[in-house]
Amino acid sequence: MSRTVEHSPQPPAPVEAAYSYCEAVTARQARNFAYGIRLLPTDKRQAMSALYAFSRRVDDIGDGPLDPGAKHDRLTATRALLERVRTGDVADDDTDPVAVALADTARRFPVPLEGLDELIDGVLMDVRGETYETWDDLRTYCRCVAGAIGRLSLGVFGTQPGAPGAERAAEYADTLGLALQLTNILRDLREDAANGRTYLPADDLAKFGCSAGFHTPFPPPGSDFTGLIHYEVRRARALFAEGYRLLPLLDRRSGACVAAMAGIYRRLLDRIERDPGAVLRGRVSLPGPEKAYVAVRGLSGLDARHIGRQALRGRA
């Protein structure tokens with residue numbers, strides 16, 4: 001069943017100010033994300049900024065310097081704020097601009113707010129210091145912190161009326177979120193190790209002799225670090241291939257937004273595959289001009305048309 005999004009009148013001034021705050025947070029802290037959402041019409045761009053600003057708040061609690069007990073309390077308070085949003089208990093003149101913007105977004109778009117509950121659940125896994133024995137275990141975490149964001153985003157985008165396969169749009173959005181998160185995990189391997197976190201599945205680490213972790217600019221002695229990275233890259237590519245089936249189901253500008261964001265991460269994945277050791281030497285990133293090229297390619301519809309043709313061949 002396809003879903004469309006109806007556009008609402010321009011929000012009142014206090015809500016516009018709240019959205020402006022969220023957009024500033026997004027531009028400052030999420031450059032890859034910001035490249036994508038700038039391709040959206042104003043109402044969708046504002047809604048995506050509100051979702052990002054709330055998600056950023058949750059992530060910042062998990063990544064911040066507080067002790068685990070204090071983080072748990074802050075996340076509990078954030079979940080209570082989300083419940084106020086869910087029940088319509090946030091006024092336009094509330095002092096929390098993120099809550100104001102998110103509440104307006106929830107009124108204007110069919111976003112599944114329970115996805116933000118899942119995000120909080122995922123960050124609580126980080127607070128507890130959970131590790132993951134298998135890919136199935138890690139996938140559960142990724143669905144909380146990234147797959148849920150994909151489903152929330154779909155609530156803003158909607159799907160094109162009559163698009164074949166639209167009933168699977170949420171599944172594709174979830175899978176694309178997993179692909180982005182696994183790419184993030186590979187990119188941040190050294191940084192996460194420095195913070196005492198290991199995300200890659202323990203059985204994968206053992207298979208490639210990398211159980212000692214990644215605390216230096218060099219692979220663990222005697223390990224097949226390149227083999228490990230290439231193994232995880234192949235897994236991420238398979239997730240991208242499935243998640244990209246979302247693109248033909250979206251309108252042109254929403255598809256361009258998704259293509260731009262996913263395209264940036266796929267290019268990061270290409271760089272990591274070409275030079276696996278780069279993730280131990282520092283943070284792998286794309287230069288601004290290359291991000292701009294990916295955004296233009298997304299806006300042109302090249303990626304959406306390419307994936308659409310692939311999907312049709314797959315059904316043939």
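Below you will find a few notes about this structure. Everything numeric here is computed off the predicted structure, so don't read it as measured data. Think of each chain on its own: its residues are numbered from 1, step by step along the sequence as written. Whole-chain, interface and lining totals are the exception, using all residues; otherwise, since this is a predicted model, local features are given only for residues with pLDDT of at least 70 and side-chain atom pairs are given and counted only at 80 or more. Based on all heavy atoms of the structure, the side-chain values leave hydrogens and waters out of the count.

**Things to note about the overall build of the protein chain**
- Numbering of helices and strands runs from the N terminus, with a helix taken as a DSSP run of H or I at least four residues long and a strand as a DSSP run of E at least two residues long. For the protein chain, the helix and strand inventory stands at 15 helices and zero strands.
- With C-alpha atoms as the basis for the radius of gyration, the globule rule is written as 2.2 Å multiplied by the number of residues raised to the power 0.38. Scaling as 2.2 N^0.38, a compact globule of 316 residues should have a C-alpha radius of gyration of about 20 Å, and the protein chain matches this with 20 Å.
- Taken along its principal axes, the extent of the C-alpha atoms in the protein chain is 60 × 55 × 35 Å.
- Any residue under 20% of the maximum accessible area for its type is buried, any over 50% is exposed, and the rest in between are partly exposed; the area is computed with a 1.4 Å probe on protein chains only. For the protein chain, with 316 residues in total, the buried portion stands at 52%.
- By definition in these notes, contact holds between two residues if any of their heavy atoms fall within 4.5 Å. Considering only intrachain contacts with a sequence separation of at least 6, the fraction spanning at least 24 residues in the protein chain is 73%.
- Computing the positive centroid from 42 side-chain charges and the negative centroid from 42, the protein chain places the two 8 Å apart. For the purpose of counting charges, residues Lys and Arg are taken to be positive, whereas Asp and Glu are taken to be negative. His and the chain ends are not included. We put the charge of a Lys on NZ, of an Arg on CZ, of an Asp on CG and of a Glu on CD.

**Details of the side chain of R56**
- Mapped onto the fold, R56 is located in helix α3 (residues 42-63).
- When sequence neighbours within four positions are dropped, the list of residues in contact with R56 reads V25, Q29 and D63.

**Let's talk about the packing of aromatic side chains**
- Two aromatic rings, drawn from Phe, Tyr or Trp (for Trp, its six-membered ring), form a pair once their centres lie within 6.5 Å of each other, and the interplanar angle then sorts them: stacked below 30 degrees, edge-to-face above 60, tilted otherwise. Evaluated as defined, the whole model comprises six aromatic pairs.
- Note on F240 and Y244: the rings are 6.1 Å apart at their centroids and 85° apart in plane angle, and the pair reads as edge-to-face. Comparing F240 with Y244 shows no difference in burial state: the two are buried.
- One aromatic cluster is present, built from ring pairs that chain together Y132, Y141 and Y199.
- Either the NZ atom of lysine or the CZ atom of arginine qualifies as a charge over a ring when it sits within 6 Å of the ring centre and within 35 degrees of the ring normal. Against the face of Y244 rests R266, its NZ or CZ located 5.2 Å from the ring centre.

**Examining the packing of α3 against helix α5 (residues 97-108)**
- Between N-to-C directions, angles cover 0 to 180 degrees, with each direction set by a line fitted to C-alpha atoms, over the stretch in contact for helices. Remark: α3 packs on α5, axes separated minimally by 9 Å, with the N-to-C direction vectors making an angle of 130°. Taken together, the axes of α3 and α5 are oblique relative to one another. Considering only the axes of α3 and α5, their crossing is left-handed. Contact with α3, carried on its side by D43, Q46, A47, A50, L51, A53, F54 and R57, involves V98, A101, L102, T105 and R108 of α5 and no other residues of that element.
- In this count, Pro and Cys sit with the nonpolar residues alongside Ala, Val, Leu, Ile, Met, Phe, Trp and Tyr, while Asp, Glu, Lys and Arg are called charged and the others, Gly among them, polar. Among the residues forming the contact of α3 with α5, the class breakdown is eight nonpolar, two polar and three charged. Should an angle lie under 35 degrees it is considered roughly parallel, over 145 roughly antiparallel, and from 65 to 115 roughly perpendicular; all remaining angles are considered oblique. Crossing handedness is read from the near helix: turned anticlockwise from the far helix by less than a right angle, it gives a left-handed crossing, and turned clockwise, a right-handed one.

**What to know about the nonpolar core**
- Put simply, buried Ala, Val, Leu, Ile, Met, Phe, Trp, Tyr and Cys residues joined by side-chain atoms within 4.5 Å make one nonpolar core. Residues L116 and F214 are the most contacted members of the largest nonpolar core, which totals 99 residues.
- Among the elements that line this core, the one with the most residues is helix α7 (residues 135-157), at 11 residues.
- Those residues within four positions of L116 in sequence are excluded, and the remaining contacts are L51, F54, S55, L82, L102 and L152.

**Considerations on the environment of R108**
- The residue R108 is located in helix α5 in this model.
- Note: C-alpha distance between R108 and R56 (52 residues apart in sequence) is 21 Å.

**What to know about the packing of helix α4 (residues 68-86) against helix α6 (residues 114-127)**
- For the pair α4 and α6, the least separation of the axes is 10 Å and the interaxial angle reads 180°. Viewed along their axes, α4 and α6 adopt a mutual orientation that is roughly antiparallel. From α4, P68, K71, H72, L75, T78, R79, L82 and R86 reach across to α6, where they touch E114, L116, D117, I120, D121, V123, L124 and V127.
- Residue classes in the contact of α4 with α6 are distributed as eight nonpolar, two polar and six charged.

Everything listed is a geometric property; what it means functionally is a separate question.
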